[in-house]
Amino acid sequence: MAAVARGARTNLGLLVLLAIAFLTGWLAFAFATAPSRWSLIIHATSGFAIIALLPWKSMIARRGMRRAQPARWASIMFGLLVVVSLAAGLLQSTGIALSIGPLSAMDFHVGGAIAAVPFAIWHVAARRVRLRPADMSRRAALRGGAVLAGAAAAYAMSEVVVRASALPGAARRFTGSYEAGSRDPDQLPVSSWMFDPVPAIDTSNWSLRTPGRTWTYEQLYAFDDRMTATLDCTGGFYSTQDWAGVRVDRLIGDASGASIRVVSHTGYDRRFALPSASKLLLATRIGGRPLDPGHGFPVRLVAADQLGFWWVKWVVAIEVDDVPHWWQAPFPLQ
Ligand code: HEM
Ligand SMILES: Nc1nc2c(c(=O)[nH]1)N[C@H]1C(S)=C(S)[C@@H](COP(=O)(O)O)O[C@H]1N2
Ligand SMILES: [Mo]
């Protein structure tokens, strides 16, 4: 009986920790400023706590394997995907391997976690965790606290080891990203949020639409507003470049509304609060040269202090309307 109760608590603990890890991972992606680090500290601690519970979990699982279980293969897939995600998270944060074949460690890390979600739901629905009041004893709370404290200590230790052994992870940014080709545009990776292909755009029949008028490429290229800003991709790299182009507030003039919608040739779009217009740059140049197609030619957005997915490439329109800026999917859907 005691073993069963302990098993139920371990299962519930794992589930809560997985939910915290999943949510804090996305939360860190929603910011590219200090809160990202806080979120990642909680993220890593919950990840290490999951690792600490794995020996117990494997005992529970082995016991379960002896009985007929509903949706067993779903449970096995769930476990495998979580382990893949955990392993890839550690490869990324230590820098031991930042890519595996054509995919980045972050692709495996986030991809594994997303793929695990339906199996997690199935796994839990098929076998309902039942908790009795006795399971929530002071003893259980103490044990849970000990697991969390141990996990936080293990995480802190891992950071010390990464630095002491000069693993690449020592040089990562507070977002967990690694430097790539700063101030060397030829070395800036080309990246897409999901599957957007690089379009071939001919500026002779291209124009940018803004409230009340359109602009040719030459008209936009004539501006010389400059900004040094760091593109930080959720795929795990960052790169600081010198950008030039035109500040968005100059393009929208005195148009009134609640938000600015920046739209790509591909349909990809992001909204920004109207007052942020003066901090957004519509870039025509990188490192003093025109953009190349991979990096957004003819024009792309530079949104300093926001993660890469806000930096809309191949912009064709900048709209101002009354939709609040937060009224959009938190992450692009294409
Ligand atoms: C099953 C769910 C997840 C688990 C158990 C998990 C666990 C982990 C672990 C153990 C690490 C290494 C921590 C370190 O040593 O610093 C890590 C790193 C990371 N994870 Fe997750 N994670 C999960 C899902 C996600 C998701 C969904 C995202 C984003 C949407 C995410 C974003 C990150 C980032 C950005 C890092 C790098 C942090 C750094 O290098 O400091 N994780 N994760
Ligand atoms: N139209 C469009 N713009 C986009 C994307 C996309 O998929 N489509 N990906 C974004 C993401 S996730 C990143 S990290 C940056 C990458 O810019 P780069 O290829 O110049 O490095 O572009 C952003 N702009
Ligand atoms: Mo990205």
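A. Expanded view of the site of ligand 2. Around ligand 2 sit 22 residues in total, of which Pro189, Ser191, Asp196, His295 and Lys313 are the nearest. Ser191 places a polar main-chain atom, nitrogen or oxygen, 2.8 Å from an oxygen atom of ligand 2. Backbone polar atom of Trp311 to a nitrogen atom of ligand 2: 2.9 Å apart, as the coordinates give it. Its free accessible area being 540 Å², ligand 2 has 100% of it covered by the protein chains. Taken together, the residues of the shell around ligand 2 sort by class into twelve nonpolar, seven polar and three charged.

B. Structural view of the site of ligand 1. Taken together, 25 residues are adjacent to ligand 1, and Trp26, His43, Ser93, His109 and Arg172 come closest. Between His43 and ligand 1, the recorded distance is 2.7 Å, taken from a side-chain N or O atom to a nitrogen atom. Between ligand 1 and His109, the relevant distance is 2.7 Å, taken from a nitrogen atom to a side-chain nitrogen or oxygen of the residue. Mapped onto the shell around ligand 1, the elements with two or more residues apiece are helix H1 (2-30), helix H2 (34-65), helix H3 (72-94) and helix H4 (105-127). When grouped by side-chain class, the residues that make up the shell around ligand 1 number 15 nonpolar, eight polar and two charged.

C. Local environment of the packing of aromatic side chains. Taken as a whole and judged by the stated rule, the model has 16 aromatic pairs. Consider the rings of Trp326 and Trp327, whose centres lie 6.3 Å apart with planes at 85 degrees: the pair is edge-to-face. As far as the burial class goes, Trp326 and Trp327 line up, both exposed. Connected via pairs of aromatic rings, a cluster forms that spans Phe22, Trp26, Phe29, Trp193, Phe272, Phe309, Trp310 and Phe331. For the cation-ring pair, Arg173 lies above Tyr238, with the distance from its terminal atom to the ring centre recorded as 5.5 Å.

D. Molecular detail of the pairing of strand S8 (residues 259-264). S8 sits mainly inside the fold: five of its six residues count as buried. Bridging between S8 and strand S9 (residues 269-273) involves five bridges; their strand directions are antiparallel. Of the residues in S9, the one forming a bridge with Arg261 is Arg271. Here six bridges tie S8 to strand S13 (residues 315-321), and the two strands are oriented antiparallel to one another. Residue Val262 lies in a different strand from S13, and its bridge partner there is Ile318.

Conventions and cut-offs
- Residues numbered from 1 in each chain as written.
- Chains lettered and ligands numbered in written order.
- Predicted model: local features only at pLDDT ≥ 70, side-chain atom pairs only at ≥ 80, totals over all residues.
- Heavy atoms only, no water.
- Near = heavy atom within 4 Å.
- Polar contact = N/O pair within 3.5 Å; in protein donor to acceptor, adjacent residues only side chain to side chain.
- Areas by Shrake-Rupley, 256 points an atom, 1.4 Å probe, with all protein chains shown as cover.
- Nonpolar A, V, L, I, M, F, W, Y, C, P; charged D, E, K, R; others polar.
- Helix = DSSP H or I, 4+ residues; strand = E, 2+ residues; numbered from the N terminus.
- Phe/Tyr/Trp six-rings, centres within 6.5 Å; stacked < 30°, edge-to-face > 60°.
- Buried < 20%, exposed > 50% of the residue type's maximum accessible area, 1.4 Å probe, protein only.
- Lys NZ or Arg CZ within 6 Å of the ring centre and 35° of its normal.
- Pairing = 2+ DSSP bridges.

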